[in-house]
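This is what each chain is made of:
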Amino acid sequence: MSDAPIFDRYAALIEAEEPVALATVIDGPHVGAKLLVTTDGADPIGSLGHPELDRVVGRDALAELEAARSGVRSYGPEGQTTPEDLVDQPTIRVFVESHAPPPQMWIFGAVDFTAALARVAKVLGYRVTVCDAREVFATKRRFPMADAVRVTWPTPMFDELGADLTPRDAVCILTHDPKFDVPAVQGALATRVGYIGVMGSRKTHAKRMERLADVGLTSEQLDRLLSPIGLDIGARTPEETAVSICAEIIARRTGKMVPSLKDSTGPIHS
Amino acid sequence: MKDLLGDIARWRAAGERIAVARVVDIEGSGPRLPGAAMAVTESGEVAGSVSGGCVEGAVVGEALSILDGTTEPRVVTFGYSDDEAFAVGLTCGGTIHLFIEELAW
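Owing to the predicted nature of the structure, the values given are computational and were not obtained by experimental measurement. Within each chain, residues carry numbers counting from 1 in the order of the written sequence. The lettering of chains begins at A and the numbering of ligands begins at 1, in the order of writing. pLDDT decides what is reported in this predicted model: residues at 70 or higher carry local features, side-chain atom pairs at 80 or more are listed and counted, and totals for whole chains, interfaces and linings draw on all residues regardless. Side-chain descriptors were evaluated using all non-hydrogen atoms of the structure, hydrogens and water having been removed beforehand.

Participant: Explain the pairing of strand 7 (residues 127-132) of chain A to me, please; I cannot follow it from the model alone.
Facilitator: Remark: a regular strand shows side chains that alternate across the two faces of the sheet. Residues and elements named next belong to chain A. In terms of burial, strand 7 is largely enclosed, as 5 of its 6 residues are buried. Seen with its strands pointing away from the viewer, a crossover is right-handed when the path leading from the first strand over the helix to the second is clockwise. Each helix is a run of H or I in the DSSP string that is no shorter than four residues. Each strand is a run of E no shorter than two, and both are numbered from the N terminus. At this point the chain moves from strand 6 (residues 104-108), through helix 4 (residues 112-123), to the parallel strand 7, and the crossover so formed is right-handed. As defined by bridge partners, strand 7 adjoins strand 8 (residues 148-151) across 4 bridges and the pair is classed as parallel. Along strand 8, the bridge assignment pairs Cys131 with Arg150. The cut-offs for exposure are 20% and 50% of the maximum accessible area for each residue type, with area from a 1.4 Å probe on protein chains only; residues under the lower value are buried, those over the upper are exposed, and the others partly exposed. The pairing criterion for strands is at least two bridges between them, as found by DSSP.

Take a look at the structure:
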């Protein structure tokens with residue numbers, strides 16, 4: 001086997017789903033030179049040909065990795081980035097390839113819609129956690145497609161892991177049970193999570209909004225909720241509903257305005 | 001790249017030399033995002049894809065010319081909108097820029 005020390009480390013980190021960014025000079029001196037950047041505080045491996053260029057690209061690669069973005073960035077030969085410093089300088093173009101860990105989806109409520117949503121979310125590459133306080137329902141046997149099944153209430157779950165949620169992640173609350181929904185919404189709103197969807201009929205939704213206001217949540221906070229959950233595509237089965245929810249997650253992320261159930265009125269199943 | 005790791009490990013264990021093409025930039029409508037990758041061995045085995053299938057054949061040719069030393073690692077461009085582009089086009093009308101190099105790092 002040929003010697004490829006940077007590739008070996010890069011491949012091992014990707015397999016372990018650890019965050020890693022690989023910077024490659026694609027234009028300029030040292031074409032093909034590599035710098036491997038991780039988030040564990042270790043020094044980057046490799047070099048792009050100049051220590052200052054390595055330092056600046058290493059910094060930028062961490063930011064790209066945090067945002068899960070891959071793309072080309074331009075620098076001067078010594079890592080210059082400001083337009084004034086780049087005048088009359090040759091430009092080095094560097095491709096930064098980010099391998100962020102998969103986004104997470106937390107699904108609250110071990111109901112019949114949960115299995116379908118977990119399956120569709122897996123297709124989209126999510127790391128799926130199903131959470132319900134009822135241990136007869138929240139079992140790995142019922143949700144073999146989930147990465148984790150946790151028998152717990154929402155509050156301890158958010159207390160323990162809520163800080164890990166990022167704008168790339170999603171929380172879907174499917175329980176319809178106020179004593180579970182209310183703490184789940186409160187927990188989700190206290191995180192940076194990018195999508196919070198809550199299932200229910202228009203009537204359930206209206207009652208729930210009253211309960212959420214009663215526990216002190218403001219209308220600005222509640223505006224983050226996608227409730228009723230999903231796009232208005234006429235979904236009926238658990239599988240169709242799962243597609244409607246995942247389509248809404250994609251549309252919100254990409255900023256497309258497509259009709260969400262949140263923005264319409266009338267019966268959901270018409 | 002993740003979906004290529006299994007094939008790459010197998011090829012390296014068999015002592016094959018490998019070229020990797022990665023999408024680094026797209027203009028207009030591109031079928032695969034930056035980071036999409038394709039790997040080609042000296043003996044012409046292929047894994048992965050960098051477009052909807054439109055330019056894969058031409059990329060294999062480029063990859064083999066890197067492995068036999070005819071061309072240096074470089075950015076190649078495929079698409080309709082670029083005068084420098086190869087004769088091969090993307091049916092979606094976009095332009096993709098690929099960086100192709102030998103996997104020896």
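Participant: So what exactly am I meant to see when it comes to the UniProt feature "domain: XdhC Rossmann" (unreviewed entry) in chain A here?
Facilitator: UniProt positions are given in the numbering used here, feature names are shortened, and annotations may be inferred rather than shown by experiment. With numbering aligned to this structure, UniProt lists the feature "domain: XdhC Rossmann" (unreviewed entry) at residues 105-249 of chain A. From the first C-alpha to the last, residues 105-249 of chain A spans 11 Å; its make-up is 42% helix and 17% strand.

Participant: For this particular structure, what's the right way to read the UniProt feature "domain: XdhC- CoxI" (unreviewed entry) in chain A?
Facilitator: Within this structure's numbering, the places UniProt gives as "domain: XdhC- CoxI" (unreviewed entry) are residues 14-76 of chain A. In this annotation, residues 14-76 of chain A is assigned 29% helix and 32% strand; the end-to-end C-alpha distance for the span is 30 Å.

Participant: Which parts of the structure should I look at to understand the pattern of salt bridges?
Facilitator: Any two side chains of opposite charge can pair if their charged atoms end up close together. Here, a salt bridge means any side-chain nitrogen of Lys or Arg that lies within 4 Å of a carboxyl oxygen of Asp or Glu. Counted under the stated rule, the structure contains 23 salt bridges over all chains. Lys179 of chain A is the partner of Asp177 of chain A in a salt bridge, and the nearest nitrogen-oxygen pair spans 3.1 Å. Judged by relative accessible area, which is 27%, Asp177 of chain A ranks as partly exposed. With a closest N to O distance of 3.1 Å, Glu62 of chain B and Arg74 of chain B form a salt bridge. Highlighted residues: Glu62 of chain B in helix 2 (residues 56-67) and Arg74 of chain B in strand 4 (residues 74-79), separated in sequence by 12 residues. Residue classification places Glu62 of chain B among the buried positions, given a relative accessible area of 10%. Residue Arg74 of chain B is classed as partly exposed on the basis of its relative accessible area, which comes to 32%. Three or more residues joined by partner-sharing salt bridges are found here, namely Arg59, Asp60, Glu64, Arg69 and Arg73 of chain A.

Participant: Help me understand the pairing of strand 1 (residues 18-27) of chain B, please; the structure alone is not making it clear to me.
Facilitator: All names here are of chain B. Strand 1 sits mainly inside the fold: 7 of its 10 residues count as buried. Alignment of strand 1 against strand 2 (residues 37-41), held across 5 bridges, turns out to be antiparallel. The residue of strand 2 that forms the bridge with Arg22 is Ala37. Inspection of the sheet shows strand 1 paired to strand 5 (residues 95-102) by 8 bridges, in the antiparallel sense. In the strand pairing of strand 5, Asp25 is matched with His97.

Participant: For this particular structure, what's the right way to read the nonpolar core?
Facilitator: Across soluble globular proteins, nonpolar side chains have a tendency to be buried as a group. For this analysis, a nonpolar core means a set of buried residues of the types Ala, Val, Leu, Ile, Met, Phe, Trp, Tyr and Cys, connected via side-chain atoms within 4.5 Å. The biggest cluster of nonpolar side chains holds 26 residues, and the ones touching the most others in it are Met105, Leu117, Cys172, Leu174 and Ile245 of chain A. Elements that contribute at least two residues to this core include exactly strand 6, helix 4, strand 7, strand 9 (170-173) and helix 9 (238-254) of chain A. Ranked by the residues each element gives to this core, the list is headed by helix 4 of chain A, at 5 residues. For Leu117 of chain A, the contacting residues outside a window of four places in its chain are Met105, Ile107, Cys172, Leu174, Ala242, Ile245 and Cys246 of chain A. The next biggest cluster of nonpolar side chains, apart from the first, holds 22 residues, and it includes Leu13 and Leu22 of chain A together with Trp11 and Ala47 of chain B. Throughout, a residue-residue contact means that at least one pair of heavy atoms, one from each residue, lies within 4.5 Å.

Participant: Quick question: what am I supposed to make of the domain arrangement of chain A here?
Facilitator: Domain borders in the structure are assigned automatically or taken from a domain database. Looking at chain A, the domain boundaries give domain 1 (4-99) and domain 2 (104-263). Spacing between the C-alpha centres of domain 1 of chain A and domain 2 of chain A amounts to 36 Å.

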